[in-house]
Amino acid sequence: RYEVPRIVFINKMDRYGADPFHVLGQIKQKLGLNVKPIQLPIGEEDNFAGVCDVITRKAHYYEGDNGMTKRVDEVPAALVERVDTLRAELFETLADLDDEFAEIFLENEDVPVDAVHAAIRRTTLARTFCPMLMGSAYKNKGVQDLLDAVCRYLPSPLDRTNKAMNADDETEEIILESDVTKPFVGYAFKIQDHPTAGQVTYMRIYQGMLTKGSAITNMMTDKRVSAKRMVRMHSNEVKDVASAGAGDIIALAGVECDSGVTFTDGKHRVTCSSMFVPEAVMSLSVSAGREDQARLQKALRRFQREDPTFRVDVKQETNETIISGMGELHLEIYCERMKREYKVETLVTGEPKVNYRETVTQKATFEYLHKRQTGGRGQYGKVMGFFEPIPEEQQTGNADGIEFVSRLTGNEIPPNYVPAIEKGFRTATTKGLLTGNPLIHMRCVLEDGQAHEVDSSSEAFQAAAQGAFDNFYNEAGPVVLEPLMSVAVSFPSEFQAAALQTMNGREGSIQNTSAVSGDTTLVEAIVPLRRMFGYSSELRSVTQGQGEFSMEFSRYESMPSAKQDEHIAEYRKKLYENRK
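Residues numbered from 1 in each chain as written. Predicted model: local features only at pLDDT ≥ 70, side-chain atom pairs only at ≥ 80, totals over all residues. Heavy atoms only, no water.

Undergrad: Help me out: how do you make sense of helix α10 (residues 496–504) in this one?
TA: Think of an α-helix as turning once every 3.6 residues; residues three or four places apart then point the same way. Taken as a whole, α10 has its buried residues at A499, T502 and M503. Taken down its axis, α10 places every buried residue within 100° of arc, on the same side. Facing away from the buried side of α10 by over 90 degrees, the exposed positions are A497 and Q501. The secondary structure elements touched by the buried residues of α10 are β31 (479–492), β32 (509–515), β33 (520–528) and α11 (535–542). (Buried < 20%, exposed > 50% of the residue type's maximum accessible area, 1.4 Å probe, protein only. Helix = DSSP H or I, 4+ residues; strand = E, 2+ residues; numbered from the N terminus. Arc of directions from axis to C-beta. Contact = heavy atoms within 4.5 Å.)

Undergrad: For this particular structure, what's the right way to read the side chain of T429?
TA: Its place among the elements puts T429 in the loop between α8 (418–428) and β30 (442–450). Given a relative accessible area of 4%, T429 falls into the buried group.

Undergrad: Looking at this structure, how should I read the packing of helix α2 (residues 80–97) against helix α3 (residues 99–107)?
TA: Helix packing geometry: the angle between the two helix axes and the distance between the axes. Between α2 and α3, the least distance of the axes is 6 Å, while the angle of their chain directions is 130°. Viewed along their axes, α2 and α3 adopt a mutual orientation that is oblique. The way α2 lies across α3 gives a crossing that is left-handed. From α2, F91, E92, L94, A95 and L97 reach across to α3, where they touch D99, F101, A102 and F105. (Axes fitted to C-alpha atoms, helices over the stretch in contact; angles between N-to-C directions. Parallel < 35°, antiparallel > 145°, perpendicular 65-115°, else oblique. Left-handed = near helix turned anticlockwise from the far one by under 90°.)

Undergrad: Which parts of the structure should I look at to understand the sheet that holds strand β2 (residues 35–37)?
TA: Backbone hydrogen bonds are what pair the strands of a sheet, in a parallel or an antiparallel way. If you trace the three strands from one edge of the open sheet to the other, you get β1-β7-β2, paired in parallel fashion. Pairing within the sheet leaves two strands with one partner each, and these edge strands are β1 (8–10) and β2. Neighbouring strand axes in the sheet, compared pairwise and without regard to direction, differ in orientation by 30° on average. As defined by bridge partners, β2 adjoins strand β7 (residues 130–134) across three bridges and the pair is classed as parallel. Across the sheet, residue V35 finds its bridge partner in β7, namely C130. (Pairing = 2+ DSSP bridges.)

Undergrad: It is not clear to me how the state of the cysteines should be interpreted in this structure. Could you clarify?
TA: Simply put, disulfide is the name for a covalent bond between the sulfur atoms of two cysteines. A complete count under the given rule lists zero disulfides for this structure. C130 supplies the cysteine sulfur nearest to C151, a cysteine that is in no disulfide, at a spacing of 18 Å. On the basis of relative accessible area, C151 is assigned to the exposed category, the value being 66%. No disulfide involves C257; its sulfur sits 13 Å from the nearest other cysteine sulfur, which is in C272. (Disulfide = S-S within 2.5 Å.)

Undergrad: What's the story with unusual backbone geometry in this structure? I'm lost.
TA: The bulk of non-glycine residues show a negative phi, and the bulk of peptide bonds are trans. One non-glycine residue with positive phi stands out, namely R127, at about 60°. If you trace the backbone, R127 turns up in the loop between α4 (113–125) and β7. Of note in this structure, K343 is not a glycine but carries a positive phi near 55°. Turning to its location among the elements, K343 is positioned in the loop between α7 (328–341) and β24 (348–349).

Undergrad: Can you help me understand the pairing of strand β21 (residues 282–287) in this one?
TA: Regular strands show a simple pattern: their side chains alternate between the two faces of the sheet. The element β21 is extensively covered by neighbouring structure, given that five of its six residues are classed as buried. In this sheet, strand β25 (residues 353–354) lies alongside β21 in antiparallel orientation, the contact comprising two bridges. If you follow S283 over to β25, its bridge partner there is K353. Where β21 and β24 come together, two bridges link them in antiparallel fashion. Each bridged residue has a counterpart across the sheet, and for S287 the counterpart in β24 is V348.

Undergrad: What exactly am I supposed to notice about the pattern of salt bridges here?
TA: A side chain with one charge may pair with a side chain of the opposite charge, provided their charged atoms come close. Applying the stated criterion across every chain yields a total of 29 salt bridges. With a shortest N-O distance of 3.3 Å, R337 and E306 are connected by a salt bridge. Taken together, the residues R337 in helix α7 and E306 in helix α6 (residues 293–306) connect sequence positions 31 residues apart. For R337, a relative accessible area of 17% corresponds to the buried category. (Salt bridge = Lys/Arg side-chain N within 4 Å of Asp/Glu carboxyl O.)

Undergrad: Mind showing me how you'd approach the sheet that holds strand β15 (residues 229–234) here?
TA: Strand order in this open sheet of eight strands is β14-β13-β19-β10-β11-β18-β15-β16, and the pairing throughout is antiparallel. The sheet is open, and its two edges are formed by β14 (223–226) and β16 (237–241), each paired on a single side. Within the sheet, the average angular offset between the axes of one strand and its neighbour, ignoring direction, is 40°. In terms of strand pairing, β15 meets strand β18 (residues 249–253) through three bridges, oriented antiparallel. Pairing of V231 across the sheet is with A251, part of β18.

Undergrad: Just to check I follow, could you spell out a nonpolar patch on the surface for this structure?
TA: A cluster of nonpolar residues, Y2, V4, F189, I249, M275, F276 and V277, forms a patch on the protein surface that exposes about 630 Å² of accessible area. Overall, F276 belongs to the partly exposed group, its relative accessible area being 46%. (Patch = residues over 30% accessible without salt bridge, like charges linked within 9 Å, V, L, I, M, F, W, Y side chains within 5 Å. Areas by Shrake-Rupley, 256 points an atom, 1.4 Å probe, with all protein chains shown as cover.)

Undergrad: Please explain the pairing of β15 as it appears in this structure.
TA: Here β15 runs beside β16; their pairing, made up of five bridges, is antiparallel. Along β16, the bridge assignment pairs R232 with K239. Hairpin remark: β15 followed by β16, antiparallel, with two residues in the connecting loop; positive phi at S235, about 55°.

Undergrad: Explain the packing of aromatic side chains to me, please; I cannot follow it from the model alone.
TA: Two measures describe an aromatic ring pair: the distance that separates the ring centres and the angle between the ring planes. Summed over all chains, the structure comprises 17 aromatic pairs. Through pairs of rings, three or more aromatic residues link up here, namely F366, F387, F404, F425, F469 and Y473. The aromatic ring of F386 is capped on one face by K363, whose charged end is 4.1 Å from the ring centroid. (Phe/Tyr/Trp six-rings, centres within 6.5 Å; stacked < 30°, edge-to-face > 60°. Lys NZ or Arg CZ within 6 Å of the ring centre and 35° of its normal.)

Undergrad: It is not clear to me how the side chain of T309 should be interpreted in this structure. Could you clarify?
TA: You can see T309 is positioned in the loop between α6 and β22 (311–314). For T309, a relative accessible area of 14% puts it in the buried group.

Undergrad: What exactly am I supposed to notice about the packing of α3 against α4 here?
TA: Packing of α3 against α4 leaves a shortest axis separation of 9 Å and a crossing angle of 155°. Relative to α4, the element α3 is oriented roughly antiparallel. Crossing of α3 over α4 shows left-handed handedness. Residues E100, F101 and I104 of α3 lie in contact with α4, whose contacting residues are A115, V116, A119 and R122.

Undergrad: Mind showing me how you'd approach the environment of H452 here?
TA: Of note, H452 is situated in the loop between β30 and α9 (458–472). Sequence separation between H452 and K382 is 70 residues; the distance between their C-alpha atoms is 9.2 Å. From its side chain, H452 meets the backbone nitrogen of V454 in a polar contact 3.0 Å long. A polar atom in the side chain of H452 sits 3.0 Å from the backbone nitrogen of D455. (Polar contact = N/O pair within 3.5 Å; in protein donor to acceptor, adjacent residues only side chain to side chain.)

The following block contains the structure:
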């Protein structure tokens with residue numbers, strides 16, 4: 001999605017059982033990357049002393065306190081042949097991928113080192129190749145070479161084309177240049193509570209320069225804020241800086257904003273495209289004792305600002321606080337953070353709730369009159385039209401899944417009342433009548449109606465729209481939709497029968513089964529999210545801890561009728577209990 005070039009670093013080479021070439025095979029099989037090692041380890045496990053540079057044919061040893069001293073020496077005699085073999089394989093791969101290097105490789109018996117580095121850089125930037133390095137970060141062995149590789153092979157800001165949108169016309173794209181003389185544009189991509197600096201906002205500067213004390217504009221709120229303190233974050237160290245230019249990543253202390261906000265100098269009205277934020281697929285109710293309520297609310301507000309995939313909603317009927325996110329583990333981590341970081345000791349979580357939806361399956365006409373007479377001015381509004389499902393090919397582009405169309409021809413309803421009718425319909429569709437879940441993929445068409453000279457008002461027509469929905473919704477064949485997940489499960493082939501059984505037992509529809517390698521099988525399936533709770537524990541138990549899975553939202557689809565009836569009955573029972 002973001003076309004990010006990559007290099008690979010195999011860590012923990014000093015651990016028992018470390019095998020970088022086994023990992024290399026797994027990377028090729030599972031990720032499908034074209035990877036070649038540019039280093040070879042010297043020694044194994046506890047005897048790991050350094051690496052051989054395949055390109056220069058030199059050995060790198062890391063000595064002194066914490067491996068801070070790097071010594072370059074000749075390759076040990078026992079490894080010379082292996083280094084030459086890896087070097088030949090690397091050159092052949094680069095020659096296949098890069099025409100410029102192929103010419104140099106064919107014309108020169110001894111290929112210049114600079115030409116090899118240049119070829120690796122070109123192919124890495126083109127995302128056709130990934131160099132692999134290795135070391136032990138804890139003992140600082142190989143980290144120096146990794147940092148050199150980052151500088152040598154990965155793109156600088158000048159190598160990337162960054163685009164923004166005109167804030168006044170989002171169809172117009174604007175190219176951002178890594179030039180400190182251009183107007184300032186920065187993107188706040190993360191916020192964090194820091195123990196010494198308070199709230200810090202991490203910002204990538206795409207264009208121009210930012211100096212301490214400068215006034216910048218939040219393009220989401222159009223408010224001016226002052227960059228009173230600018231810092232660089234190095235792990236847990238905070239270093240103040242006076243200025244930063246295009247390509248820099250800095251943190252602003254004391255600037256209140258949400259993540260994903262564009263800042264400019266105020267004159268240059270552009271916004272960076274927002275990050276892709278998938279729909280939340282799992283919900284959990286949370287509550288805390290009275291003494292912890294303030295801390296709970298503070299934590300929820302902070303998490304929402306930090307993470308756009310984390311959502312908080314308060315159910316009006318039950319006064320429940322519902323948190324939603326990308327899965328079981330996602331929500332578990334936030335609950336753990338509430339207890340650990342915000343000291344919410346009395347936190348109680350309810351059973352995870354799946355985000356169901358409702359929709360209609362057939363066209364239904366409506367004609368509804370809202371008429372109410374009180375002592376003074378009354379209320380009068382009549383609406384006529386129909387509900388219908390939106391065909392599948394037209395469903396893209398609907399932000400909330402509901403479409404409102406006005407086909408009024410005469411002046412029976414004054415045009416100034418149409419927005420109120422639309423608002424009434426949209427408000428009504430946020431809570432379906434079957435299970436109380438929002439509607440999607442429905443079109444409301446307004447064809448006719450009637451107004452009263454004195455008694456009609458925006459409130460009256462809004463109530464008429466809601467009344468039309470409440471009275472005619474059941475005639476449109478409503479159904480409950482449930483989220484289906486695309487699930488990818490990988491496990492050793494010897495456990496295939498047991499792993500497939502877990503999928504079938506959870507109403508999974510197997511889409512594909514393939515052998516990823518000689519001993520690993522990958523199964524792709526579509527499974528209802530309501531059946532995925534606790535799956536990680538079950539999968540580990542049947543695969544002796546070797547199975548793993550990932551899932552992402554696929555689509556909404558009608559629930560089986562028996563499950564739908566259970567869901568509707570449960571909702572009605574809850575409504576009845578709340579009325580007592």
